[in-house]
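The primary structure of each chain is shown beneath.
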There are 2 protein chains.
Amino acid sequence: MRTYKLTIAYDGTRYQGWQRQANTDRTIQGILERVISEQAGYPVEIDGSGRTDAGVHASGQTASVVLSGITSESFFTEEINRILPEDIRILEADLVKSGFHARKSAVGKVYEYRIDTGTKPDVFQRRYCFHFPHELDLDIMRRAAEKLKGTHEFAGYTDKKDEKSTKRTIYDIIVSGQGSSVTIRYEGTGFLYHMVRILTGTLLEAGLHQRTVESVAEVLLTKDRRQAGFLAPARGLFLREVHYDQRGR
Amino acid sequence: MRTYKLTIAYDGTRYQGWQRQANTDRTIQGILERVISEQAGYPVEIDGSGRTDAGVHASGQTASVVLSGITSESFFTEEINRILPEDIRILEADLVKSGFHARKSAVGKVYEYRIDTGTKPDVFQRRYCFHFPHELDLDIMRRAAEKLKGTHEFAGYTDKKDEKSTKRTIYDIIVSGQGSSVTIRYEGTGFLYHMVRILTGTLLEAGLHQRTVESVAEVLLTKDRRQAGFLAPARGLFLREVHYDQRGR
């Protein structure tokens, strides 16, 4: 038995998200499991570092998989890649210690949200950013982002009501702009359902001067979703990196 | 009667090319004419600066259109853009002198061809570049490109046999590389059917040391298509700019 850690990129546009669903071949996990099982010759399950929603992209999603029999890393990066649709690619496959689990072993994640503030949507970037043709005050957005850093209860910044724990730690939020392109990078221990997209909608409202910097901090205390900002659309969101400790566990 | 010059961007992936065809709504010209006619209330024809093939993109195609009645530039950039599919956008609409014709008035064009030489195709760039995972000798490509500059008979570098004239002038070919991305920019008076894609295939063969610099010049003399290189795929090609003289004619 060998355990592999896969690093995967996908264009989420056509998909109903990461998590396998019955009756559809439109999930990333479902397609990966089908193709790997067919090539391995027996049923294989893979575990992602977490779900991504319908339409969300990944340039560095990770997954773990246990295979029996002789298998090499090139089984994934060559044989499986040749069969996958062209909007899903296994970038790396690494043999790791038994017991590695892409979700349970993860210690941090990096997401990036991309916004196109140009007057007209860029036809070549339209699938990979949120077209939001407004002038944004990046300084205000950065000041609001400072309020979110650290360990907090993020119950007001999720759309799921029954999380066991809503405590998360955000290490950093970096707001950068170049021309009509604005990117918000989030680094943290983990993120709740819709959390990055709600944080983004909230920061955008601050950037439009539609809400104060203080109101962003208040949602952490009131835990009231209705006081947070709008849900930014999936197409602008990328799962960039999943971090593990030095032993790769 | 007012004549407008339109500047248009499109993602060519879904389309059968620029030129209208009967029995399909999968051409850029066909869709633009249908939408503009519906909104104008009478049949409108638009003239492009030239055809682009199926799958070829444009970030600066131009077209001319004559409308009667009261019309403003925002008719195109707002009203029409709202109705167009999101992979076609009118970037600019300029009122020009009567008699302006996007093709007949053009004095030059700029095309760009993008190549991804990375081992694995980038899932986010895959629609907008040719994945060619090979090491390229850019210096040899630049030396070969020098042979193509100037005024020549390009009969060996087209797939159409019955052109009235195959004489064209190439002002410049710029080969640039950054990481695994290679871009070839072509500036000239105009280009024959498939010409930019065949020139690109030929330069790539030179970059692989599969043909000599001299062989690239020889095709100009022998005019033999079979001695030229392969037809590079449409997805890497962009019509970037169409040039007119200072009077906009």
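Structural notes, computed from the coordinates. (Residues numbered from 1 in each chain as written. Chains lettered and ligands numbered in written order. Predicted model: local features only at pLDDT ≥ 70, side-chain atom pairs only at ≥ 80, totals over all residues. Heavy atoms only, no water.)

### Describing the interface of chain B and chain A
Alright, step 1. On the side of chain A, 24 residues touch chain B, which itself brings 24 residues to the contact.
Alright, step 2. The contact between chain B and chain A buries some 1800 Å² in all, and 61% of this surface belongs to carbon and sulfur atoms.
Alright, step 3. Sorting the residues of chain B by area buried against chain A places Lys120, Phe124 and Arg126 of chain B first, and these three jointly supply 36% of that buried surface.
Alright, step 4. At the junction of chain B with chain A, the criterion picks out six salt bridges.
Alright, step 5. Here Arg126 of chain B ties to Glu86 of chain A by a salt bridge, and the two come within 3.4 Å at their closest N and O atoms.
Alright, step 6. One can count seven residue pairs in polar contact (both at pLDDT 80 or more) joining chain B with chain A. (Contact = heavy atoms within 4.5 Å. Buried area = accessible area lost by both parts, 1.4 Å probe. Salt bridge = Lys/Arg side-chain N within 4 Å of Asp/Glu carboxyl O. Polar contact = N/O pair within 3.5 Å; in protein donor to acceptor, adjacent residues only side chain to side chain.)

### Some thoughts on helix α2 (residues 73–83) of chain B
Alright, step 1. Within α2 of chain B, the full set of buried residues consists of Phe75, Phe76, Thr77, Ile80 and Asn81 of chain B.
Alright, step 2. Along its buried surface, α2 of chain B packs onto β1 (2–10), α1 (28–40), β3 (57–67) and β4 (88–96) of chain B. (Buried < 20%, exposed > 50% of the residue type's maximum accessible area, 1.4 Å probe, protein only. Helix = DSSP H or I, 4+ residues; strand = E, 2+ residues; numbered from the N terminus.)

### As for the relation of the copies chain B and chain A
Alright, step 1. The transform that puts chain B on chain A rotates by 180° and translates by 0.0 Å along the axis, for an RMSD of 0.0 Å. The superposition of one copy onto the other is thereby described by a two-fold rotation axis.
Alright, step 2. In this assembly, 100% of the residues forming the interface of chain B have copies in chain A that are likewise at the interface, indicating an isologous arrangement. (Least-squares fit on C-alpha atoms with pLDDT ≥ 70 in both.)

### Structural notes on the pattern of salt bridges
Once their charged atoms are close, side chains differing in charge can pair, the charge on each being opposite to the other.
Residues and elements named next belong to chain A.
Alright, step 1. A complete count under the given rule lists 41 salt bridges over all chains for this structure.
Alright, step 2. Notably, a salt bridge pairs Asp87 with Arg14, separated by 2.6 Å at the nearest N-O pair. Of this pair, Asp87 sits in the loop between α2 (73–83) and β4 (88–96) while Arg14 sits in the loop between β1 (2–10) and α1 (28–40), and the two are 73 residues apart along the sequence.
Alright, step 3. With relative accessibility at 1%, the residue Asp87 sits in the buried group.
Alright, step 4. Under the relative-accessibility criterion, Arg14 is labelled partly exposed at 38%.
Alright, step 5. Sharing partners across several salt bridges, the network here consists of Glu112, Arg114, Arg185, Glu187, Arg240 and Glu241.

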